[in-house]
Amino acid sequence: MKKLDFSVKNIIFLAFIAIEAIIYITFNILSATLPGDPIYLKYAGVLLCLAVAASMIWFYRDKDAVILTCALVFTAISDLFILVLDDYYQIGLVTFIATQTVYLYRLYRDRMDKIKITVLIRVLLMALMLAVVDVIMADNGGLNFMLAEVCVYIVMLAGNVVDAFILCGRGFKNILFAVGLLLFLCCDICVGLDNAVGIIGLNLGAAGRPIQFLIWVFYMPSQVLITLSVSRGGICGAGKKDEELQG
């Protein structure tokens, strides 16, 4: 029977999960019962993910921890603009695209010879989405910069979800990353539905409030799982599994 590892690294992970659980339960209760939005509590959870990922640079001394930290820095910047400041949405989308670009590199950094196919597919899908959105929005001024950003971002995120699940068989950390990205996508689908009310006049009726609530039901767990996926040696190394309990 394998002994439990009570190293400092694992204690940090356990404390991280416990604190994030408290934050998650608290802000969901507040969101469901009070009229205001506990923005700063939510953002504290995002910053905690960044802090834990950054601390793993010291413990792992590995490039994967650096890559993950960079992605979470971009995520924190995006949430600062979109969530906390509730302004500069275009900048927030640019940094979210940067986040997904870093995750794409994370998925392929040990197999860069195979990245061309997924990049080509993404470019084609982006072009198709841009054309379709331009036609749909023809009566409202056509495609604008923010909608173009959304098209690029959603293709990048969805592509990362697919690529991450392809790698799930290589270890537990891969599963954490894939599920985290899937929850990230679920969150952004809810964001899209919520914003479609103002953009295309979609009437969600009684479903509007639950959809707004679900955004953070999905989002915070996604960031926690992505943070926990940090791995010594990376998650994409061809033919090698990660160290499920040790790294």
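For the structure given in this document, a descriptive report is provided here. Here, residues in each chain are numbered from 1, in the same order as that chain's written sequence. Selection of residues for local features in this predicted model requires a pLDDT of at least 70, selection of side-chain atom pairs for listing and counting requires 80 or more, and totals for whole chains, interfaces and linings are taken over all residues. No hydrogens and no water enter the side-chain calculation; it runs on all heavy atoms of the structure.

### A few points about the overall build of the chain
- If you tally the helices and strands in the chain, you get eight helices and zero strands.
- Only runs of H or I of at least four residues qualify as helices and only runs of E of at least two qualify as strands under DSSP, and these elements are numbered from the N terminus. Ordered by position in the sequence, the α and β elements of the chain form the string α-α-α-α-α-α-α-α.
- The contact criterion used throughout is that any non-hydrogen atoms of two residues lie within 4.5 Å. Across the chain, every contact between residues at least 6 apart in sequence was considered, and the portion connecting residues at least 24 apart equals 73%.
- Surface accessibility in these figures is a Shrake-Rupley result with a 1.4 Å probe; residues are shielded only by whichever protein chains are displayed. A total accessible area of about 12500 Å² is found for the chain, and carbon and sulfur atoms account for 73% of it.

### Topic: the pattern of salt bridges
- Salt bridges are defined as contacts in which a side-chain nitrogen from Lys or Arg sits within 4 Å of a carboxyl oxygen from Asp or Glu. The full count for this structure, using the stated rule, is five salt bridges.
- When the shortest N-O distance is used, the salt bridge between Arg-109 and Asp-62 registers 3.9 Å. You can see Arg-109 sitting in the loop between α4 (89–108) and α5 (115–136) and its partner Asp-62 sitting in the loop between α2 (39–60) and α3 (63–84), a full 47 residues away along the chain. Judged on exposure class, the residue Arg-109 and its partner Asp-62 are both buried.
- Between Asp-64 and Arg-106 there is a salt bridge; the shortest N-O distance is 2.8 Å. Of the two residues, Asp-64 is situated in helix α3 and Arg-106 in helix α4; the sequence distance between them amounts to 42 residues. Each of the two residues, Asp-64 as well as Arg-106, counts as buried. Relative accessibility thresholds used throughout: buried, under 20% of the residue-type maximum; exposed, over 50%; partly exposed, between the two (1.4 Å probe, protein chains only).

### Digging into the nonpolar core
- To qualify as a nonpolar core, a set must consist of buried Ala, Val, Leu, Ile, Met, Phe, Trp, Tyr and Cys residues joined through side-chain atoms within 4.5 Å. Judged by nonpolar contacts, the single largest core of 57 residues is most densely connected at Tyr-103, Phe-177, Leu-181 and Trp-216.
- The set of elements that each furnish at least two residues to this core consists of α1 (8–33), α2, α3, α4, α5, α6 (145–166), α7 (172–199) and α8 (208–228).
- Discounting chain neighbours no more than four positions away, the residues touching Leu-181 are Gln-100, Tyr-103, Leu-157, Asn-160, Val-161, Ala-164 and Ile-226.

### As for unusual backbone geometry
- Its identity as a non-glycine residue notwithstanding, Arg-61 has a phi of 50°, on the positive side.
- Structurally, Arg-61 is set in the loop between α2 and α3.
- Residue class for Arg-61 comes out exposed when judged on its relative accessible area of 57%.
- Positive phi, normally seen in glycine, also occurs at Asp-86, with a value near 55°.
- Checked against the element boundaries, Asp-86 lands in the loop between α3 and α4.
- Overall, Asp-86 belongs to the partly exposed group, its relative accessible area being 49%.

### So, the packing of aromatic side chains
- Here is the rule: rings of Phe, Tyr and Trp (six-membered ring for Trp) pair when centre to centre is within 6.5 Å. Planes less than 30 degrees apart are stacked, more than 60 are edge-to-face, and the remainder are tilted. The final tally for this structure, using the stated rule, is eight aromatic pairs.
- The interplanar angle of 85° and the centroid separation of 5.7 Å between the aromatic rings of Tyr-24 and Phe-27 together place this pair among those described as edge-to-face. Of this pair, Tyr-24 and Phe-27 both sit in helix α1, three residues apart, which is roughly one turn of the helix.
- Looking at Tyr-24, the relative accessible area reads 23%, which means it is partly exposed.
- Taking the centre distance of 5.7 Å and the plane angle of 65° together, the rings of Phe-81 and Tyr-88 count as edge-to-face.
- Judged by relative accessible area, which is 46%, Tyr-88 ranks as partly exposed.
- In this structure an aromatic cluster arises from ring pairing among Tyr-24, Phe-27, Phe-96, Tyr-153, Phe-184, Trp-216 and Tyr-219.
- In this structure, Arg-106 is placed above the aromatic ring of Phe-177, and the distance from its NZ or CZ to the ring centre is 4.5 Å. Consider the ring centre and the ring normal. A charge sits over the ring if Lys NZ or Arg CZ is within 6 Å of that centre and within 35 degrees of that normal.

Interpretation note: all reported values are geometric properties and have no functional meaning in isolation.
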